[in-house]
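Listed below, chain by chain, are the residues.
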Amino acid sequence: MEEYRDARPTPHRDSVCNAPLTNLYFQADGRVAPCWLYFPLRPPRWSPDRSIADIWNGPELQKLRSAHREGRFIGRCSECEHDILNGNRPLAEAYDNPHPIGEWPTMLELELSNHCNLECVMCNGLLSSRIRRNREDLPPLDVPYDDTFVDQVAELLPHLHELRLNGGEPLLQPLVHRLGERIAAERPDLRVTVATNGTVLNTKVERLLERCTIHLNISIDSLRPERYEAIRVHADFDALMANVVRFHRYCRERDRTLCIMVNPMRDNWEEMPDFIRWCDERDLPVWFNTIREPVHLALHSLPRAEIERVHETLAAVRRPAAVTDTARRNALIYERFLGQLQTWADEAAPRGAGTTTPVALRIRG
């Protein structure tokens, strides 16, 4: 733990995690947390009657801040503690940055709706309106965000260093574009990072790209058309690739980042070296997400022998020498993924044992 603290890429190290000191994560149903992993047992909810300021200064986050200052990992924060002790990258590291820590958040992560055009096999109704309707057979999600919320975000714009727009598919959501208009008028320099499935590129999206400082994370889970379309149900692989070319051109011309996000799962894990090569050839950074659920698609829940087989197969792949900064970064991401697989293998039960859930993924009170 001391080695991790000393190596953290931030000048702010008084707390074991800076997420509750710098960030608010808003889910599509109104629940709010410092990150997507940790939610209190009774999480605060945004509504016209409980503002962003009320939540930021509320007892739920104060409790977590006190625990982190004392070096304690509570609730699902224990998963970050476990990763640190095993030498793997914790989610907490995503909130280590040079942004100042003050009276207000310096970053917001927003899921303003679950409206989405796809039904990805690893997703759920909280992040996809089509899954909620067709797979879960549930009524539309009660999403609380409105123009009042946009006004409150606008009040925070002077304090923000980054705003992140996440699922369902943010580029389809009217409130995202209304927020974009406010940002363009009041803080056009603000870094806005959009997590997108890459399938939406129309005149409204082009206007957003023109007027705001947009950086893109595009999710692609296979480079094989049939497999990609089986995972990203209702998507068209050729249309996606055409959009990626256009998004990439935009980012190059405007000195913006475009990162390829990949979800390694049981159905596509052998493609991870292919993604490294594909991204290296295009000078694109890659990132491997961790799929915790659904369990039947996740790698962590495989028996030990199967995780070891995945690890050994991927570790044996010969990769070209990294000659660019992006390629060197991608090589590090790949090695970290291998390290995570090794940790899961060390903790997994053998085939036929009672449980196959690694310690890192068991919720501790």
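Parameters and conventions
Sequence order as written defines residue numbering, which begins from 1 separately in each chain. Local features are withheld for residues below a pLDDT of 70 in this predicted model, meaning they are given only at 70 or higher, and side-chain atom pairs are given and counted only at 80 or more; totals for whole chains, interfaces and linings count all residues. To obtain the side-chain values, all non-hydrogen atoms of the structure were included, while hydrogens and water were left out. Planes of paired rings set the category: under 30 degrees apart is stacked, over 60 is edge-to-face and the rest tilted, where pairs are Phe, Tyr or Trp rings (Trp by its six-membered ring) whose centres lie within 6.5 Å. Burial status follows relative accessibility: with a 1.4 Å probe on protein chains alone, a residue under 20% of its type maximum counts as buried, one over 50% as exposed, and anything between as partly exposed. We count a charge as sitting over a ring when the NZ of a lysine or the CZ of an arginine lies within 6 Å of the ring centre and within 35 degrees of the ring normal. Each helix is a run of H or I in the DSSP string that is no shorter than four residues. Each strand is a run of E no shorter than two, and both are numbered from the N terminus. Only one rule defines a salt bridge in this text: a Lys or Arg side-chain nitrogen within 4 Å of an Asp or Glu carboxyl oxygen. Take the buried residues of types Ala, Val, Leu, Ile, Met, Phe, Trp, Tyr and Cys, join any two whose side-chain atoms come within 4.5 Å, and each joined set is a nonpolar core. The contact rule is simple, with two residues in contact once any of their heavy atoms fall within 4.5 Å.

Undergrad: Let's hear about the packing of aromatic side chains: which residues, and what values?
TA: Think of a pair of aromatic rings as described by two things: how far the centres are apart, and how the planes are tilted against each other in angle. Throughout the structure, instances matching the rule amount to 7 aromatic pairs. When the centroid spacing of 4.7 Å and the interplanar angle of 55° are considered together, the rings of tyrosine 145 and phenylalanine 149 count as tilted. A single burial state applies to tyrosine 145 and to phenylalanine 149, both of which are buried. Ring-pair connections join several aromatic residues into one group, and the members of that group are Phe26, Trp46, Tyr145 and Phe149. Positioned above the aromatic ring of phenylalanine 39, the side-chain terminus of arginine 31 is 5.4 Å from the ring centre.

Undergrad: A description of unusual backbone geometry should follow, citing residues and the corresponding values.
TA: Note the cis peptide between glycine 167 and glycine 168, where omega equals -15°. Relative to the elements of secondary structure, glycine 168 occurs in the loop between β4 (162-165) and α8 (174-186). Even without being glycine, aspartate 137 reaches a positive phi, approximately 55°. Secondary-structure assignment places aspartate 137 in the loop between α6 (129-135) and α7 (147-156). A relative accessible area of 66% places aspartate 137 in the exposed class.

Undergrad: Go over the pattern of salt bridges with me, naming the residues and quoting the values.
TA: This structure, assessed with the given rule, holds 29 salt bridges. Where aspartate 29 meets arginine 31, a salt bridge forms, and the shortest distance between an N and an O atom there is 2.9 Å. For arginine 31, a relative accessible area of 24% corresponds to the partly exposed category. Of the charged contacts in the structure, one is a salt bridge between arginine 227 and glutamate 270, with a shortest N-O distance of 2.7 Å. With arginine 227 in helix α10 (residues 225-231) and glutamate 270 in the loop between β7 (258-262) and α12 (272-282), this pair connects stretches of sequence that are 43 residues apart. Here the salt bridges share partners, and the residues they tie into one network are Glu109, Glu162, Arg164 and Arg191.

Undergrad: Outline the nonpolar core, supporting the account with residue identities and numerical values.
TA: If you look at soluble globular proteins, the nonpolar side chains tend to sit buried side by side. Counting residues in each nonpolar core, the largest one holds 83 residues, and the members touching the most others are Phe26, Leu163, Ile220 and Ile260. If we ignore the near neighbours within four places in the chain, the residues touching isoleucine 220 are Tyr228, Leu240, Met241, Val244, Ile260, Met261, Val262, Phe275 and Trp278. Judged by nonpolar contacts, the second largest core, of 18 residues, contains Tyr4, Ala19, Leu64 and Cys77.

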